[in-house]
Amino acid sequence: AIPPDNAITVHVTAKKWAWTFEYRQPDGRPIVQGFSEIVVPAGQPVRLMMISQDVLHSFYMPEFRIKHDVLPNRQTFVWFTAPREGVYQVLCTEYCGQAHSNMGARVRVVSQTDFS
């Protein structure tokens, strides 16, 4: 449950009906913000700090066997290490309203060199 010390932290925000991903500097200032896509390096632990702006959502990455609830007014986290480069799917698995089935994103795993 506890990520390694060298994990990259990505802030995830869920809202009807999209995911946003934000990379931050150590002082909390945003570096890059992405809409519906997260880019991570292969072989590097990644910690996802997640919160919802509206209702209960559930962050699901089937290829990495990760499923974690994302709650309003409460930060949750989960971590993973992507073993190889590729593009993988992110879904919301908690019914969150009319356009729930459109709430998808993708994880693009790149080499360490391409990530830097």
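Up top you'll find the structure we're talking about.
Owing to the predicted nature of the structure, the values given are computational and were not obtained by experimental measurement.

(A) Geometry of the state of the cysteines. On inspection of all chains with the given rule, the structure shows 0 disulfides. Looking at Cys92, it has no disulfide partner, and the nearest cysteine sulfur is the one in Cys96, 4.0 Å off.

(B) Structural view of the nonpolar core. With 31 residues, the main nonpolar core has Trp19, Leu48, Phe59 and Phe80 as its most contacted residues. In this structure Phe80 touches Val40, Gln44, Pro45, Val46, Leu48, Met61, Phe64 and Ile66, once residues within four positions along its chain are discounted.

(C) Region of the structure containing the environment of Val109. Here Val109 is to be found in strand S10 (residues 104-110). Spatially, the C-alpha atoms of Val109 and Gly86 are 5.2 Å apart, while their sequence positions differ by 23 residues. Residues in contact with Val109, not counting those within four places in the same chain, are Val40, Pro41, Ala42, Phe64, Ala82, Arg84, Glu85, Gly86 and Tyr88.

(D) Spotlight on the pattern of salt bridges. Tallied over the full model, the rule gives 2 salt bridges. With a closest N to O distance of 2.7 Å, Glu37 and Arg106 form a salt bridge. Residue Glu37 is located in strand S4 (residues 37-41), and its partner Arg106 is located in strand S10; the two are separated by 69 residues in the primary sequence. A salt bridge links Glu37 to Arg108, with the shortest nitrogen-to-oxygen separation between them at 3.4 Å.

(E) Molecular detail of the environment of Glu22. Inspection of the secondary structure assignment puts Glu22 in strand S2 (residues 18-24). On the basis of relative accessible area, Glu22 is assigned to the buried category, the value being 14%. For the pair Glu22 and Val10, spaced 12 residues apart in sequence, the C-alpha separation works out to 5.7 Å.

(F) Region of interest: the packing of aromatic side chains. Considering all chains together, one arrives at 4 aromatic pairs under this definition. Both rings, one in Trp19 and one in Phe59, keep their centres 5.1 Å apart while their planes meet at 85 degrees; by these two values the pair is edge-to-face. Of this pair, Trp19 sits in strand S2 while Phe59 sits in strand S6 (residues 57-61), and the two are 40 residues apart along the sequence. Note on accessibility: Trp19 and Phe59 belong to one class, buried. Within the aromatic cluster, the residues linked to one another by ring pairs are Phe64, Phe80 and Tyr88. Positioned over the ring face of Phe77 is Arg47, at 4.2 Å from the centre of the ring.

Parameters and conventions
- Residues numbered from 1 in each chain as written.
- Predicted model: local features only at pLDDT ≥ 70, side-chain atom pairs only at ≥ 80, totals over all residues.
- Heavy atoms only, no water.
- Disulfide = S-S within 2.5 Å.
- Core = buried A, V, L, I, M, F, W, Y, C linked by side-chain atoms within 4.5 Å.
- Buried < 20%, exposed > 50% of the residue type's maximum accessible area, 1.4 Å probe, protein only.
- Contact = heavy atoms within 4.5 Å.
- Helix = DSSP H or I, 4+ residues; strand = E, 2+ residues; numbered from the N terminus.
- Salt bridge = Lys/Arg side-chain N within 4 Å of Asp/Glu carboxyl O.
- Phe/Tyr/Trp six-rings, centres within 6.5 Å; stacked < 30°, edge-to-face > 60°.
- Lys NZ or Arg CZ within 6 Å of the ring centre and 35° of its normal.

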